[in-house]
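Take a look at the letters that make up each chain.
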Amino acid sequence: MEELVRDFDRTRAQRLRTFLVERDLLRADTPPLVLELAFAAGHRLFDIAFHTSPTGDDATIDEARRLVTAYLETYSAPGVAGRTSIRPVRS
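Since we're looking at a predicted model, the values are computed, not measured.

Engineer: Explanation requested: the pattern of salt bridges in the structure shown.
Structural biologist: A side chain with one charge may pair with a side chain of the opposite charge, provided their charged atoms come close. Counted according to the given criterion, the structure contains 7 salt bridges. Close ionic contact of Arg6 with Glu3 constitutes a salt bridge, the shortest N to O distance being 3.0 Å. Highlighted residues: Arg6 and Glu3, both in helix 1 (residues 2–22), separated by 3 residues, approximately one helical turn. The residue Glu63 makes a salt bridge to Arg66 at a minimum N-O spacing of 3.5 Å. With a gap of 3 residues between them, Glu63 and Arg66 both fall in helix 3 (residues 58–73), about one helical turn apart. Overall, the relative accessible area of 42% leaves Glu63 in the partly exposed class. Under the relative-accessibility criterion, Arg66 is labelled partly exposed at 45%. Taken together, the shared-partner salt bridges connect Glu2, Glu3 and Arg6 into one network.

See below:
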């Protein structure tokens, strides 16, 4: 079962990588490991947010977005950094 979950996560990370590359948001030479790590980190951070609150802790979710976005921006296609739409939502 554990291997099935890992395969599912790896497939989702690959699909996200393809999505971002096709939209020129991520460099085509970005290693698949980058998205696997971003996906795993985001997943864990959302686990923390929903462990803290059954509806998800907004501050933790905002910080998770910032962390994953900042990491992925280091692999962004030229001219993309600073113009992504994945920004924390402040209420």
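Engineer: Explanation requested: the packing of helix 1 against helix 2 (residues 32–52) in the structure shown.
Structural biologist: The description of two helices packed together rests on the angle between their axes and the distance between the axes. Contact geometry for helix 1 and helix 2: axes closest at 8 Å, N-to-C directions at 115 degrees. By crossing handedness, the relation of helix 1 to helix 2 is classed as right-handed. Along the contact surface, helix 1 presents Asp9, Arg10, Arg12, Ala13, Leu16, Arg17 and Leu20, while helix 2 presents Pro32, Leu35, Glu36 and Phe39.

Engineer: In this structure, what is going on with unusual backbone geometry? I would like to understand it.
Structural biologist: Positive phi is not limited to glycine here, since Asp24 has a value of about 55 degrees. One can find Asp24 in the loop between helix 1 and helix 2. Of the residues examined, Asp24 reaches a relative accessible area of 54% and is grouped as exposed.

Each value, and the rule that gives it
Residues numbered from 1 in each chain as written. Predicted model: local features only at pLDDT ≥ 70, side-chain atom pairs only at ≥ 80, totals over all residues. Heavy atoms only, no water. Salt bridge = Lys/Arg side-chain N within 4 Å of Asp/Glu carboxyl O. Helix = DSSP H or I, 4+ residues; strand = E, 2+ residues; numbered from the N terminus. Buried < 20%, exposed > 50% of the residue type's maximum accessible area, 1.4 Å probe, protein only. Axes fitted to C-alpha atoms, helices over the stretch in contact; angles between N-to-C directions. Left-handed = near helix turned anticlockwise from the far one by under 90°. Contact = heavy atoms within 4.5 Å.

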